[in-house]
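# Structural overview for review
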Amino acid sequence: MAENFTVTPWEVTGDIDYEELQRRFGTTPIDDALLRRLGGYGDLHMMLRRGIFYSHRDMNTLLDEYDKGSRFVLYTGRGPSGSTHLGHIMPWILNKWLQDVFDVPMYFQMTDDEKFLFKDLTLGETRSMAYDNALDFIALGFDPEKTKIILDTENIKTLYPIALKVSKKVNFSTARAVFGFENSTNIGSIFFTAVQSAPAFLATELQGRQVPCLIPCGIDQDPHFRVSRDVAPGLGYPKPSMLYCKMFPGLGGGDKMSSSDPNATIFTTDTPKKVKSKIGRAFTGGRVSVDEQRKLGGNPEVCAVFKYNFYMFEKDDRKVEEMSDRCRRGGDPLRRMQGGPHREDKRVPGRPPGQEGGGQGDNRLHGL
Ligand code: TRP
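Now for a quick tour of the structure.

Conventions we followed
Numbering of residues starts from 1 in each chain and follows the order in which that chain's sequence is written. For a predicted model such as this one, the threshold for reporting local features is a pLDDT of at least 70, and the threshold for listing and counting side-chain atom pairs is 80 or more; totals across whole chains, interfaces and linings nevertheless cover every residue. Strands are runs of DSSP state E lasting at least two residues, helices are runs of H or I lasting at least four, and both sets are numbered from the N terminus onward. Three exposure classes are used, all based on how many other C-beta atoms lie within 10 Å of a residue's own C-beta (placed from the backbone): buried at 20 or more, exposed at 12 or fewer, and partly exposed between those limits. Residues are counted as near a molecule or strand when the C-beta atom, derived from backbone positions, lies within 6 Å of that molecule or strand. As a working rule, the residues Ala, Val, Leu, Ile, Met, Phe, Trp, Tyr, Cys and Pro are called nonpolar, Asp, Glu, Lys and Arg charged, and the rest polar, with Gly in that last group. Note on pairing: DSSP must find at least two bridges between two strands before they are called paired. Interaxial angles span 0 to 180 degrees and are taken between N-to-C directions of axes, which are lines fitted to C-alpha atoms, for helices over the stretch in contact. Any angle between 65 and 115 degrees counts as roughly perpendicular, while under 35 counts as roughly parallel, over 145 as roughly antiparallel, and the rest as oblique. Helix crossings fall into two classes, left-handed where the near helix is turned counterclockwise from the far one by less than a right angle and right-handed where it is turned clockwise. A residue pair is marked as a contact if its C-beta atoms, positioned from the backbone, fall within 7 Å. Residues of type Ala, Val, Leu, Ile, Met, Phe, Trp, Tyr and Cys that are buried and joined through C-beta atoms within 7 Å form what is called a nonpolar core. The split of the chain into domains comes from an automatic or database domain assignment. In a helix, the anticipated span is given by 1.5 Å times the number of residues less one. Here the term right-handed applies to a crossover when the path leading from its first strand over the helix to its second strand runs clockwise, the strands being oriented away from the viewer.

### Things to note about the overall build of the protein
Along the backbone of the protein there are 16 helices and 9 strands. Looking at the protein as a whole, 42% of its 368 residues qualify as buried.

### Re the site of the ligand
Neighbouring the ligand are 13 residues; T76, G77, G79, Q109 and C217 lie closest to it. Of all the secondary-structure elements, those providing two or more residues to the shell around the ligand are β5 (73-78) and β8 (213-218). Among the elements that take part in the shell around the ligand, β5 stands out by supplying 4 residues, more than any other. For the shell around the ligand, a count of residues per class yields 4 nonpolar, 7 polar and 2 charged.

### A few points about the environment of R287
Relative to the elements of secondary structure, R287 occurs in the loop between α12 (272-280) and α13 (290-296). In this structure R287 comes out as buried when scored by C-beta crowding, with 22 C-beta atoms within 10 Å. Sequence separation of R287 and G330 is 43 residues, and the distance between their C-alpha atoms is 9.1 Å.

### Digging into unusual backbone geometry
Despite not being glycine, D58 has its phi angle at roughly 55°, a positive value. With respect to the helices, strands and loops of the structure, D58 is situated in the loop between β4 (53-57) and α4 (59-67).

### As for the sheet that holds strand β9 (residues 241-245)
In spatial order, the strands read β3-β4-β9-β8-β5-β6-β7; together these 7 strands make up an open sheet with mixed pairing. Either end of the sheet is taken by a strand with one partner, and the two such strands are β3 (28-29) and β7 (147-151). Of the strand pairs in this sheet, β5 and strand β6 (residues 106-110) are connected by 5 bridges, and their pairing is parallel. What sits directly across from T76, in β6, is F108.

### Observations regarding the packing of helix α14 (residues 304-313) against helix α15 (residues 317-328)
Contact pair α14 / α15: the axes reach a minimum separation of 10 Å and the direction vectors enclose 170°. With respect to each other, α14 and α15 are oriented roughly antiparallel. As α14 runs across α15, the sense of the crossing is left-handed. Contacts between α14 and α15 pair F306, N309 and F310 from the former with V320, M323, S324 and C327 from the latter. Here the residues of the contact of α14 with α15 sort into 5 nonpolar, 2 polar and no charged.

### What to know about the nonpolar core
The biggest cluster of nonpolar side chains holds 77 residues, and the ones touching the most others in it are F53, V73, A198, C213, I215 and Y244. Take this core: its biggest share by element is 8 residues, from helix α10 (residues 187-207). Inspection of this core shows a minimum of three residues originating in each of domain 1 (5-245) and domain 2 (262-337). Not counting chain neighbours up to four residues away, the residues in contact with I215 comprise Y75, T76, A200, F225, P240 and M242.

### Structural notes on helix α11 (residues 222-235)
Look at α11: 20 Å from first C-alpha to last across 14 residues, which is about the 20 Å you get at 1.5 Å a residue. Looking only at α11, the buried set comprises D222, P223, H224, F225, V227, S228, R229, V231 and A232. Looking one or two places after α11, you find G236, whose phi comes out positive at around 80°.

### Brief notes about the pairing of β5
In terms of residue burial, β5 counts as a mostly covered element, since 6 of its 6 residues are buried. The side-chain alternation of β5 yields two buried faces, one formed by V73, Y75 and G77 and the other by L74, T76 and R78. Sheet topology note: the β5/β8 ladder contains 2 bridges and is parallel. Looking at the pairing, L74 lines up with L214 of β8. With respect to chirality, the unit in which β5 leads through helix α5 (residues 86-102) into the neighbouring parallel β6 is right-handed.

### Points about α14
For an α-helix, 3.6 residues make a turn, and residues three or four places apart therefore share a direction. Burial of α14 is extensive: 8 of the 10 residues sit out of reach of the surface. All buried positions along α14 are accounted for by A304, V305, F306, K307, Y308, N309, F310 and Y311.

### A closer look at the packing of helix α8 (residues 152-168) against α10
The geometry of α8 relative to α10 is characterised by a closest axis approach of 7 Å and an angle of 95° between their N-to-C directions. With respect to α10, the axis of α8 lies roughly perpendicular. Two secondary-structure elements touch here, α8 through D152, L159, I162, A163, V166 and S167 and α10 through F191, A194, V195, S197, A198, F201, L202 and E205. When the residues that make up the contact of α8 with α10 are grouped by side-chain class, the tally is 10 nonpolar, 2 polar and 2 charged.

In structure tokens, the structure reads:
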């Protein structure tokens, strides 16, 4: 069972066992001591408190350097292949918190080249999506004086010398082992990881001194940064430190929100009405009838509505706990999301009267 999942930068399938993934990748759990230490710099962000960001590489080294007065740069990114959804935004929110707390610069890489190489999209399409997606990143309020957005096809001149140095240190057999490339893989894809490494070393190159880098992102990106970290010492760069989060769940009960299932995905471009209707149809793992639901209670671990509050929307830990208790007792997970009174009308929110529960949609009855 635990073996039954795949997580790579280009594919996430199956039920992810995050402990097992951490073992496979060789990353380190974020333990209480590290949380306490991070909490010493500013009010600990809920994504850290709740173990959503749960794994890391070399955080203590980074903080030791910071304490000695060496400021790091933040680096994260986005592969523009469609509209931005909540799963993309989640790690950016922690990046914003880190920028505020540590008062550090930030690089944001838009890999329009990557999505052109790996998907059936034109460069014109990935480029225009990059500009579109950049608005979502900007909207989170990063400090414009300290934040640089890198568009690969536009800024390649700056990245290229670094990418070249990285690529010379990575042979094909390593790339194949790390990313699972085959003989049919196009050669641009094989080189690409060097381009994703480049921003991690950019500050060091530009300033001509060792500038530590912290990359907070989804754990699916670890294969790239394992390579970056392996080559760094040989090129005279500090190894980037990493903070990894879990994947943001889909509305359909899946482990990862994915654009390929638009009904289970909330895009920043969705209208409020559309969002409401998607949430109304979310998988909640509810029982087959109202009575069963009241009698047996629900399971917050599988309920998308609960998970959304837990991952992103409810900042107050006490309220999250209350929600979880209420759910287990068979209560209404949508109450807080909708901000309305407890629904007693036995109607599944977002679905027309007469189609609520029983029949095809019955596993969603939890929304009562
Ligand atoms: N490869 C990432 C994606 O497909 C985009 C990306 C580029 C990135 N650089 C990054 C993600 C640094 C996290 C951190 O979305």
